[in-house]
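Overview (structure and organization)
One-letter residues, chain by chain:
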Amino acid sequence: MNVTVPANSSNTKTILTLLEESGYSLPCNCHGAHHCNGARYSFDCAMIPKKTITVTLPDTEETLCGISLENRTCVPGKGTCLLIDLGTTTIALALIDTDLGELRQTAVFTNPERSFGSDVISRIQSSISGNREQLKGIIRQALQKETAELCQKNKQTLQDITHCYIGGNTAMIHILMGYDCQPLAASPFQIAEKSPEPFFVQQCKVTILPWISAFVGGDITAGFYACPITRSSPALFIDLGTNGEMLLHNSGAVYAASTAAGPAFEGNGLSCGCPGIPGAISAVTLHRLRPAITTIGNKLPIGICGSGAISVMAELLHHKYVTRDGILTGKFPEEGILLGFSQAGNAIHFTAEDFRSIQLAIAAIGAGIDTLCHAAGISSEQIRCVYLGGGFGFYLDLPACRSLGLLSHIDISCVIPMGNTCLQGLYQCACQQQASLSIPSVTPISLADSDYFQSRFIAHMTYNDW
């Protein structure tokens, strides 16, 4: 889409600001600070035009909802392979043709297991408390229903799908397969089951990518194939989802860990939270108590997603609504910050409880990074490249992440948003038909038993060091 932006020789505003004033809201990791090197769009995000200019804007709605297959767009034709990103909060599907390497259709829906709890721990507890068969049935029924609708949308039948690749965290795969989750419920978190071998469902061969540990699953194995972390050292891959899994490569060794970040990054659990879909508030600038908001797709606001919550946090800190000790001051309104109103007239607030949820999630990720670096014998400042998985990574304000300690002391200029790395990795595995899908030489790091992690978690609850 081409947009003409009026400007003259006396203009002092960036192209992003001018576009916003013209009614176009664009996500930018650095919000015009040039930290992303202007690589996000066909123009420099920090450009200050001195004359009228025409720029090309992407159709943001086509790349939302966790679907990101190396910028591929859907091409008409029959799909022979189904990719499933089995997330705790959200499930994403992609129908592809492996012979041509083409994307056919995509879909995303909320994991129906949420009625048994919003996080992995609650799902595990529900499974071992007598709901194992019910959980298995509800997820299998949902996958069958959504896949049938995806095929109908693509004007084909289920019988046309001959292969299926699934990536998911260890608990979600245990639930899908009906395995006993008891070993995942307590230390030392030993896995009784082996990763499933490929099996057939009628005519379709199903391959589930192997897990790494009790809380680092096949979705991260897929991310390993999507992100070339072994090409540089030290390099880090982070999946900013409910479980906050991460891989660190250093001098030929790979370290893995998972933090209990919770569902707040995906908008779940926030008072007015929503996923990163059109209308989600993805960035906020505070002018006293008057917020200026950016929404995904420049739609009317429907709620706030993870990137928007992080943006609000950074603004609260900057304007001293939060102390350096991580405590909300008396300036923070009791009813929360009013961000706007939905089309239905419902108020969208960011509350003290929302602040605490995001604060805990940020501290878990930051402390997890520090602990992995500690195990590898390096500091976070030494990391040369960070591959950021998760759909909302495209909308994150990286300077805000840095000021809040989400990325510890990592240089934000080396952060590369990747989108849905699980689907990308599944795509590569499916098209290349790799014989071995496991990651060699991985050292799992248990954060639950780590005193170092606990000390760093407490440090990340304050903002003195970032």
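Just above sits the structure.
Residues numbered from 1 in each chain as written. Predicted model: local features only at pLDDT ≥ 70, side-chain atom pairs only at ≥ 80, totals over all residues. Heavy atoms only, no water.

1. Considerations on the nonpolar core
- Counting 59 residues, the largest nonpolar core has Leu236, Ile310, Leu316, Phe350 and Leu407 as the members making the most contacts within it.
- At 10 residues, the largest contribution of residues to this core is made by helix H6 (residues 352–376).
- Sequence-distant contacts of Phe350, defined by excluding residues within four places in its chain, comprise Ile304, Ala309, Val312, Met313, Leu316, Phe332, Gly336, Ile337, Leu339 and Phe355.
- Of all hydrophobic cores here, the second largest spans 34 residues; its members include Leu82, Val120, Cys164 and Leu176. (Core = buried A, V, L, I, M, F, W, Y, C linked by side-chain atoms within 4.5 Å. Buried < 20%, exposed > 50% of the residue type's maximum accessible area, 1.4 Å probe, protein only. Helix = DSSP H or I, 4+ residues; strand = E, 2+ residues; numbered from the N terminus. Contact = heavy atoms within 4.5 Å.)

2. A few points about unusual backbone geometry
- Cis rather than trans, the peptide bond between Ser233 and Pro234 has omega equal to -5 degrees.
- Along the chain, the position of Pro234 falls in the loop between helix H4 (218–226) and strand S9 (235–239).
- Phi angles above zero are rare outside glycine, and Gln202 is one such case at about 55 degrees.
- Looking at the element boundaries, Gln202 is found in the loop between strand S7 (199–201) and strand S8 (204–208).

3. Let's talk about the pattern of salt bridges
- A full pass over the atoms with the stated rule returns nine salt bridges.
- One salt bridge in this structure joins Arg104 and Glu102, with 2.7 Å as the shortest N-O distance.
- On the accessibility criterion, Glu102 (24% relative accessible area) is partly exposed.
- The salt bridge partner of Arg456 is Asp370, with a shortest N-O separation of 3.0 Å. Of this pair, Arg456 sits in helix H9 (residues 451–460) while Asp370 sits in helix H6; the two residues are 86 residues apart in sequence, bridging distant segments of the chain. With respect to class, Arg456 is no different from Asp370; both count as buried.
- Beyond isolated ion pairs, a larger network of salt bridges with shared partners links Asp97, Glu102 and Arg104. (Salt bridge = Lys/Arg side-chain N within 4 Å of Asp/Glu carboxyl O.)

4. Description of the sheet that holds strand S6 (residues 163–168)
- The strand order across the open sheet built from six strands is S5-S4-S3-S6-S8-S7, with neighbouring strands paired in mixed fashion. Two strands in the sheet have a free side with no partner beyond their single neighbour: strand S5 (102–110) and S7. Averaged over neighbouring strand pairs, the angle between their axes works out to 25 degrees when direction is ignored.
- Here strand S4 (residues 90–97) pairs with S5 via eight bridges, running antiparallel. Note that in S5 the partner of Ala92 across the bridge is Val108. (Pairing = 2+ DSSP bridges. Axes fitted to C-alpha atoms, helices over the stretch in contact; angles between N-to-C directions.)

5. Quick look at the packing of aromatic side chains
- Scanning the entire structure with this criterion turns up two aromatic pairs.
- Consider the rings of Phe224 and Tyr225, whose centres lie 5.5 Å apart with planes at 85 degrees: the pair is edge-to-face. Tyr225 matches Phe224 in its accessibility class, with the two residues each being buried.
- Aromatic side chains Phe453 and Phe457 sit 6.2 Å apart centroid to centroid with 35 degrees between the ring planes, which places their arrangement in the tilted category. Here the residue Phe453 and the residue Phe457 both occupy positions in helix H9, the gap between them amounting to four residues, near one helical turn.
- Taking NZ or CZ as reference, Lys331 lies 4.9 Å from the ring centre of Tyr321, over its face. (Phe/Tyr/Trp six-rings, centres within 6.5 Å; stacked < 30°, edge-to-face > 60°. Lys NZ or Arg CZ within 6 Å of the ring centre and 35° of its normal.)

6. Re the packing of helix H5 (residues 306–318) against H6
- Close contact between H5 and H6 brings their axes to 10 Å; oriented N to C, the two are set at 100 degrees. On the basis of the axis angle, H5 is roughly perpendicular to H6. The residues of H6 that touch H5, namely those facing Ala309, Ile310, Met313 and Leu316, are Phe355, Ile358, Gln359 and Ile362.
- Looking at the contact of H5 with H6 residue by residue, the class counts come to seven nonpolar, one polar and no charged. (Parallel < 35°, antiparallel > 145°, perpendicular 65-115°, else oblique. Nonpolar A, V, L, I, M, F, W, Y, C, P; charged D, E, K, R; others polar.)

7. Some details on the sheet that holds strand S17 (residues 385–389)
- The strand order across the open sheet built from six strands is S18-S17-S9-S10-S11-S19, with neighbouring strands paired in mixed fashion. Two strands lie at the open edges of the sheet, namely strand S18 (415–419) and strand S19 (442–444), each paired on one side alone. Within the sheet, the average angular offset between the axes of one strand and its neighbour, ignoring direction, is 20 degrees.
- Relative to strand S11 (residues 253–258), strand S10 (residues 245–250) is paired through six bridges, and the arrangement is antiparallel. Directly across from Leu248, in S11, lies its bridge partner Tyr255.
- Each of S9, S10 and S11 touches H6; the most contacted strand, S10, lies at about 30 degrees to it.

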